[in-house]
Structures are given as structure tokens and as C-alpha cells.
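In case you want the letters, here they are:
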Amino acid sequence: MEKILNYINGELVAPEENNWIDNYNPSNGEVYSLIPNSSEKDVEKAYQAAAAAYPSWSNTTIDERSKILSKIASLIEENLEEFVAAESKDNGKPLSLARAVDIPRASSNFQFFANAITQFASESHESVGLNAFNFTLRSAIGVVGCISPWNLPLYLFSWKIAPALAAGNTVVAKPSEVTPMTAYLLSKICNEAGLPKGVLNIVHGLGHTTGQAIVAHEKIKAISFTGGTATGAHIARTAAPMFKKLSLELGGKNPNLIFADCDYDKMLAVTLKSSFANQGQICLCGSRIYVERSIYDKFKSDFIAKVKALKVGHPSDTETNIGALVSKPHLEKVKSYIDIAEQEGGKVLTGGNYVTIDGYENGYYLKPTVIEISNPICRLTQEEIFGPVVTIMPFDTDQEALELANGVRYGLSSTIWTNNLNRTMHLAKHLEAGIVWINTWLMRDLRTPFGGMKDSGVGREGGLEALRFFTEPKNICIKY
Ligand code: NAD
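Residues numbered from 1 in each chain as written. Predicted model: local features only at pLDDT ≥ 70, side-chain atom pairs only at ≥ 80, totals over all residues.

1. A short note on the overall build of the protein
- Counting its regular elements, the protein contains 15 helices and 23 strands.
- For the protein, the proportion of contacts with a sequence separation of at least 24, taken over those separated by at least 6, is 71%. (Helix = DSSP H or I, 4+ residues; strand = E, 2+ residues; numbered from the N terminus. Contact = placed C-beta atoms within 7 Å.)

2. Things to note about the pairing of strand 9 (residues 170-174)
- Burial of strand 9 is extensive: 5 of the 5 residues sit out of reach of the surface.
- Here 5 bridges tie strand 8 (residues 143-147) to strand 9, and the two strands are oriented parallel to one another. Counterpart to Val144 in the pairing with strand 9 is Val171.
- Read as a crossover between parallel neighbours, the route from strand 8 over helix 5 (residues 153-166) to strand 9 is right-handed. (Buried ≥ 20, exposed ≤ 12 C-beta atoms within 10 Å, placed from the backbone. Pairing = 2+ DSSP bridges. Right-handed = clockwise from strand over helix to strand, strands pointing away.)

3. Remarks on helix 9 (residues 264-276)
- Compared with an ideal rise of 1.5 Å per residue, which puts 13 residues at 18 Å, helix 9 spans 18 Å between its outermost C-alpha atoms and is within 8% of the ideal.
- Where helix 9 is concerned, the buried positions are Met267, Val270, Thr271, Ser274, Ser275 and Phe276.
- The inward-facing, buried residues of helix 9 contact strand 13 (255-258), strand 14 (288-292), helix 10 (293-309), strand 17 (389-395) and strand 19 (413-417).
- Asn278 occupies a position one or two residues after helix 9 and carries a positive phi of about 55°. (Expected span 1.5 Å × (residues − 1).)

4. Quick word on the UniProt feature "active site" (unreviewed entry) in the protein
- In the UniProt entry, the feature "active site" (unreviewed entry) is given for Glu249.
- When you line up the elements, Glu249 lands in strand 12 (residues 245-249).
- Assessed through the 27 C-beta atoms surrounding it within 10 Å, Glu249 is described here as buried.
- When near neighbours in sequence (up to four residues on either side) are disregarded, Glu249 contacts Phe225, Thr226, Gly451, Gly452, Gly457 and Glu461. (UniProt positions renumbered as here; feature names shortened; annotations may be inferred.)

5. Points about the site of the ligand
- Taken together, 32 residues sit near the ligand, with Pro149, Gly207, Gly211, Gly227 and Thr231 positioned nearest.
- Taken together, the elements giving at least two residues each to the shell around the ligand come down to helix 7 (207-216) and helix 8 (229-239).
- When residues of the shell around the ligand are assigned to their parent elements, the largest contribution, 5 residues, is made by helix 7.
- Split by residue class, the shell around the ligand holds 11 nonpolar, 17 polar and 4 charged. (Near = placed C-beta within 6 Å. Nonpolar A, V, L, I, M, F, W, Y, C, P; charged D, E, K, R; others polar.)

6. What to know about the nonpolar core
- Among the nonpolar cores identified, the biggest contains 137 residues, and Leu69, Ala166, Val171, Val172 and Ile258 are the most heavily contacted of them.
- Setting aside residues up to four positions removed in sequence, Ile258 forms contacts with Met267, Ile289, Tyr290, Val291, Glu292, Phe299 and Trp417. (Core = buried A, V, L, I, M, F, W, Y, C linked by C-beta atoms within 7 Å.)

7. Here we look at the sheet that holds strand 1 (residues 2-3)
- Ordered in space as 1-5-4, the 3 strands form an open sheet in which the pairing is mixed. Two strands bound the open sheet, and with one partner strand each, they are strand 1 and strand 4 (20-25).
- Both strand 4 and strand 5 (residues 30-36) contribute to a ladder of 6 bridges, which runs antiparallel. Across the sheet, residue Asn25 finds its bridge partner in strand 5, namely Glu30.

8. Observations regarding the UniProt feature "domain: Aldehyde dehydrogenase" (unreviewed entry) in the protein
- Under the feature "domain: Aldehyde dehydrogenase" (unreviewed entry), the UniProt entry names residues 15-476.
- The span residues 15-476 carries 41% helix and 21% strand; its end-to-end C-alpha distance comes to 44 Å.

9. Here's the deal with the pairing of strand 17
- Counting buried residues along strand 17, 5 of its 7 residues qualify, which places the element largely inside the surrounding structure.
- The sheet contact formed by strand 14 and strand 17 spans 5 bridges and is parallel. Residue pairing for strand 17: Glu292 is matched across the bridge by Phe395.

10. A short note on unusual backbone geometry
- In this structure, Phe386 is a non-glycine residue whose phi angle is positive, near 65°.
- Secondary-structure assignment places Phe386 in the loop between helix 12 (379-382) and strand 17.
- Accessibility expressed as a C-beta count within 10 Å gives 25 for Phe386, which makes it buried.
- Located in the positive-phi region is Leu442, a residue other than glycine, with phi close to 55°.
- Mapped onto the elements of the fold, Leu442 is located in the loop between strand 20 (435-438) and strand 21 (453-454).

11. A word on helix 1 (residues 40-58)
- The end-to-end C-alpha separation of helix 1 is 26 Å, in line with the 27 Å expected for 19 residues at 1.5 Å each.
- For helix 1, the principal kink sits at Ala52 and spans about 30°; a proline, Pro55, occurs within the next four residues.
- Among the residues of helix 1, Asp42, Val43, Lys45, Ala46, Tyr47, Ala49, Ala50, Ala53, Tyr54 and Trp57 are the ones counted as buried.
- Looking at the packing, one finds that the buried side of helix 1 touches strand 2 (6-8), strand 8, strand 9, strand 10 (200-202) and helix 7. (Bend = angle between axes of the 7 residues up to and from the residue.)

Okay, structure coming up:
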């Protein structure tokens with residue numbers, strides 16, 4: 001069986017203690033490869049390699065760093081189909097989605113930061129009347145840790161690694177143990193791209209062991225983490241007393257506010273995507289749908305008709321809209337929310353069950369599910385389900401819509417469908433979310449700040465924000 005290997009000091013190596021974890025294919029429930037169950041020893045080896053590589057990499061010219069990152073981007077593109085197939089097999093997402101979104105975006109993450117670092121500049125301030133100038137030196141931090149989740153595996157892994165490397169840091173990174181394959185493929189192309197050994201080290205393993213060893217390592221000076229809110233809180237408890245720089249991109253429970261004056265057909269098509277893309281396993285999915293009462297019944301019947309037409313199928317089937325969920329425990333977690341719908345005052349309007357696909361009977365398939373709710377404060381609207389399950393509910397006024405939208409502990413993204421400018425401006429200002437999409441969803445410009453407020457995280461990724469996170473500013477004051 002294929003063994004995924006750690007990437008340490010430019011070499012593909014087995015874990016020191018020769019411990020391995022099973023890697024499942026969600027489309028058929030079979031173990032198809034083994035993942036290193038790395039220990040503190042492996043993390044220490046990775047740290048040593050990163051520390052040794054740091055002086056040279058942090059002094060490598062911007063031009064050279066940029067060229068290497070561009071080369072990684074091109075190599076991902078050149079090997080697109082291999083990455084696409086691996087991502088789909090490892091995660092269960094439709095091949096078509098990995099081809100259209102995940103892998104091209106991973107390549108653009110490297111290309112984007114290859115370009116961005118050439119435009120990164122620091123500030124200067126003249127202290128007028130005091131005969132002094134200040135300038136801000138922004139230097140790399142040192143060895144940094146990057147930890148990513150399973151839902152958009154290479155996409156989110158590269159979103160951290162690319163800016164960390166561009167800014168001159170060396171990296172110890174851990175992809176999710178649930179979806180490690182494309183990070184492994186990435187490690188294979190880094191040498192080909194000319195990335196010097198030790199600059200990027202990828203250590204595979206479980207969160208509470210391998211991940212914990214990265215977070216708790218006293219010399220790893222910054223942690224960029226994307227994952228669940230509870231994990232983020234645990235990481236903060238470990239890292240904060242060590243005064244590490246922390247970027248935490250956490251869970252979401254995003255509202256989708258639909259007003260009667262919207263462009264209805266466009267809204268309906270995009271709402272289908274914002275509900276169920278990637279089996280609803282995107283932190284930005286609009287899982288709470290609130291609809292203005294005058295169009296509620298129409299929306300309900302049109303939306304349900306569209307949801308019923310979605311095809312749940314094997315990820316490689318070109319007709320498939322909804323592939324497999326990522327793992328058996330996750331499938332069962334999502335299903336458990338459907339099972340409590342009634343006791344929470346909800347009514348399942350469509351979906352609600354597992355799906356069995358011929359030939360892949362042990363795969364993790366679930367019907368896209370719409371639950372109508374009457375009580376806005378219930379577990380279905382307050383807890384992150386992170387699967388193909390949305391709730392719908394009518395509202396009467398803008399104020400009520402705003403209160404419903406903000407009535408959760410999370411604050412990642414939100415979507416508004418309306419053509420009323422005043423309403424748009426009012427809601428955009430008052431919605432408690434790091435991102436507000438108006439008449440669109442998941443439209444991304446990589447220069448914009450990305451991240452959430454409240455329990456959805458601390459800090460922002462994207463554009464110059466990421467480069468600022470991965471550098472330490474120093475004020476230099478010169479008196480003349
Ligand atoms: P998770 O928190 O279980 O795991 C994320 C990563 O952290 C994995 O690599 C895991 O191994 C590691 N980890 C777990 N425990 C750790 C510990 N004690 N120390 C260090 N590392 C540890 O999350 P998941 O189930 O992989 O991903 C789903 C979650 O990610 C959802 O909550 C989703 O909303 C969130 N997410 C957020 C964003 C965002 O940008 N805000 C993007 C995607 C996913």
C-alpha cells in the first residue's frame with residue numbers, strides 16, 4: 001500500500017517511530033494509503049532543518065524567492081490532473097470541483113504571493129519639527145508553523161505556506177491527517193522547483209500529537225491555523241502564554257439573507273451553490289437561509305425542486321453534483337444533526353438520509369438536506385454542521401433579518417440578496433462578519449483581507465495582511 005512520507009530537509013522520509021495511520025477513500029470507504037503518525041521527534045527534525053535553512057532563505061533576494069514560488073505554481077498547473085485526481089480521491093469532492101477550484105486556486109496562491117512579495121513595502125514617518133525620520137523594517141519572523149484542515153486541502157495549505165515563504169520565513173507545516181495526499185504531492189515538486197532544502201518541511205500526523213508538537217515548540221515563533229473553533233481555542237491556550245504570533249481562521253455559521261427585490265433567478269442558482277458546494281463543507285457556505293416572507297413560499301418550492309435535482313454520486317462521475325463527505329465520523333456527525341431536527345422544532349423538507357451508490361456501497365454519501373425551522377435559536381442554527389444541510393426560515397423586516405444573521409457566536413461571512421442600496425449599505429455596515437457578499441457568493445480577490453470575527457477567528461489572511469502577519473515590524477528612528 002502506498003505510504004505518504006514526511007518532507008524534511010528536502011527529503012521524503014518515513015516517521016522516526018515507524019508509526020502509520022490509515023488513509024481512507026471516502027468514495028468507497030476503503031483504506032488506500034498510509035500516513036506517517038509523526039511524533040515530537042519528527043517535528044523536532046523538521047524544526048532543525050527549518051532553522052538551519054532560515055539564515056540563507058531570509059537573505060535570498062526577493063526576485064529569487066519570487067521565481068521559486070512562481071515555479072511551484074507552474075509545476076502544480078503542469079501536473080494539474082494528477083493533483084485533481086488525488087484531491088478528489090482523498091477528500092470525496094467531485095473531480096470537476098477539484099479541477100475548477102481547488103487545484104487552480106492552490107497554484108494561484110503561490111503565483112499571487114510570488115507577485116505580492118515584489119510589491120511589499122514598509123512605511124516611513126517623518127517626525128516634523130523634531131528633525132527625525134522613522135522607518136519600519138519588516139523582516140521575516142524565523143521558523144513558523146502552518147496547520148490546515150481537510151475541506152479545501154491544498155487550497156488552504158498553500159494559502160498559508162506561500163505567504164510564509166514569500167516573506168522569508170522557513171516553515172514546518174502539517175496538513176490535515178484526513179486529507180494529506182496533495183500536500184505530499186506538493187512536497188515532491190518543491191525540490192524540482194528549486195526550493196532549497198529545509199525551507200519547507202511537511203510533517204504528517206494527528207492534531208493532538210503532531211499538530212500539538214508544532215504549536216508547543218518553543219522556537220516556532222508564529223502559528224497560522226485554519227480549522228475548528230474548539231481546536232483554535234486549544235491552540236490559543238498553548239501558544240498565547242509563549243507569546244507566539246497567532247492567526248486563527250475558524251468555524252462559521254453564515255447567514256444568507258434573501259430579500260424580495262433581488263434578482264431572483266441569479267439568487268436561486270447561487271444559493272444552491274452556497275448551500276451545497278463541496279458537500280456543504282466550506283467554511284463560507286451559507287448554511288442559514290433567511291427569506292423575506294413575501295417570497296418565502298415561492299423560494300421554498302423552487303429551491304427544493306433544485307435541491308432534489310442535485311445528483312449525489314461518485315466523485316469521478318461527470319454528472320455528480322454532490323460527492324462523498326470526507327470521513328465516516330464526519331458523515332455521522334452531520335447526520336446526527338438531521339436526526340435531532342424534529343426535537344429542535346425543525347421539519348426536513350427534502351433529503352435527510354444516507355445515499356447508497358451502486359458499486360460504492362461503503363462510501364460516505366448523504367442527500368442534500370433542507371430543514372425548515374420555526375425557532376431561530378436551536379442547535380441547527382447555532383452549531384456548525386459543516387455538511388450538505390441548510391436551514392430556511394422567513395423574516396419580515398430588515399431589522400429582524402439583521403438580528404437573525406448576527407444571532408450566533410460565529411462571524412465569518414454573510415451574503416445579502418437585494419437591489420436596495422440603502423439596505424445594502426446599512427446591512428453591510430452592521431453585519432458581524434469578516435466578509436459580506438452582496439448579490440454574489442465566494443467571489444474572491446486574493447488582495448482582500450480574509451477572515452472572521454467573533455468565534456470565527458483572530459487576524460486576517462490574504463494579500464498584504466498575510467505578508468504583515470508573517471513579518472515582524474521594527475521601528476528605526478533616526479535623529480539628525
Ligand atoms: P480541526 O480543527 O479538527 O483540524 C484542523 C487542523 O488542526 C488539522 O490539521 C488537525 O490535525 C489540526 N489539529 C487538531 N488538533 C490540534 C492540536 N491540538 N494542535 C495543533 N493542531 C491540531 O478542523 P477540521 O475538522 O480539519 O476542519 C473543519 C473546520 O475548519 C470547520 O470548523 C471549518 O469551519 C474550519 N475552516 C475554517 C476556515 C476559515 O478560513 N475560517 C476554512 C476552512 C475550514
